[in-house]
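Take a look at the letters that make up each chain.
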Amino acid sequence: MGAINVIAIDGPAASGKSTVSQQVARELGFLFLDTGCMYRAVTLAAWQRGVDVMNETAVTHLAERLVIEIQPATNEEDGRHYTVLLDGQDVTWEIRTPTVDAHVSQVSSYLGVRQEMVRRQRAFGKRGQVVMVGRDIGTVVMPDAPLKLYITATAAERAHRRWQDRQNQGHTADYEAILADVERRDEIDSNREHSPLRPAADAIIIDTTGRPVEEVVAEIVGMVRPLAVNGKP
Ligand code: DC
């Protein structure tokens, strides 16, 4: 393996992959792209503009026109790690609401939406020194990435983490409902026709169940650091 320019990270909903990847990117000084934000932004835009999320043609047409920007955090005081702009409007928190959660798997199952987002993600990947996170990064978006990781955890643990996040944000949350949603999204994401969620054949699988974030981050940084600079240890 030569210098690591792109780290492709995939895994199911709430597996901790975004938190872990963000910290890995920060430690290595790499750019970070959470591709789930892009599918979430398309879903929010459809909702806001009265486009029926079941109408594949209309949603695809919308996705092709939207300007989605993911930038370093503009305001870290509210707990954000990055800022998401949709046609210039800050939607960092709006894309995390239960309404978006409920419809994003449908929107991200559309081939035309995926093609448009993948095109944008590959352009981002060309910048190099990037940690990119999603469901199909190692399999479709960046199949030549020199390091591919698949971060997972049990559904119960993932639902518990999501429940904790919502509590921390001051919302009431129903664990059973969150677990049902996590399992429903796993089912859709894993069984969809286009780019289903699965580890790339050469991905390293990391199960984070019961493991603290820092430990997982250290494990990954330990894999990359010796190779990150010109491939020289
Ligand atoms: O990681 P997340 O929960 O923010 O992802 C939101 C949705 O987007 C999820 O249902 C799967 C989908 N997604 C995808 O299909 N491909 C990606 N590369 C990233 C996310």
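Residues numbered from 1 in each chain as written. Predicted model: local features only at pLDDT ≥ 70, side-chain atom pairs only at ≥ 80, totals over all residues. Heavy atoms only, no water.

### Brief notes about the environment of glutamate 183
Inference 1: Turning to its location among the elements, glutamate 183 is positioned in helix 8 (residues 175-191).
Inference 2: The class of glutamate 183 is partly exposed, set by a relative accessible area of 44%.
Inference 3: For the pair formed by glutamate 183 and proline 199, sequence separation is 16 residues and the distance between their alpha carbons is 18 Å. (Helix = DSSP H or I, 4+ residues; strand = E, 2+ residues; numbered from the N terminus. Buried < 20%, exposed > 50% of the residue type's maximum accessible area, 1.4 Å probe, protein only.)

### What about the pattern of salt bridges?
Inference 1: One pass over the structure, following the stated rule, counts 17 salt bridges.
Inference 2: For the salt bridge of arginine 49 with aspartate 87, the shortest nitrogen-to-oxygen distance reads 3.2 Å. One end of the pair, arginine 49, is in the loop between helix 2 (36-48) and helix 3 (56-65); the other, aspartate 87, is in the loop between strand 4 (82-86) and strand 5 (89-90), with 38 residues separating them in the sequence.
Inference 3: Judged by its relative accessible area of 38%, aspartate 87 falls in the partly exposed class. (Salt bridge = Lys/Arg side-chain N within 4 Å of Asp/Glu carboxyl O.)

### Structural notes on the sheet that holds strand 6 (residues 130-134)
Inference 1: Taken in spatial order, the 5 strands line up as 2-6-1-7-8 in an open sheet, and their pairing is parallel. Bordering the open sheet on either side are strand 2 (31-34) and strand 8 (204-207), each of which pairs with just one other strand. For this sheet the average axis-to-axis angle between neighbouring strands, irrespective of direction, equals 20°.
Inference 2: Bridge count between strand 1 (residues 6-10) and strand 7 (residues 147-152): 4 bridges; the pairing is parallel. Bridge pairing links isoleucine 7 to leucine 147 in strand 7.
Inference 3: Packing against the sheet, helix 5 (residues 111-125) makes contact with strand 1, strand 2 and strand 6, and its axis sits at approximately 160° to strand 6. (Pairing = 2+ DSSP bridges. Axes fitted to C-alpha atoms, helices over the stretch in contact; angles between N-to-C directions. Contact = heavy atoms within 4.5 Å.)

Take it as geometry only, folks, not as evidence of what the structure does.
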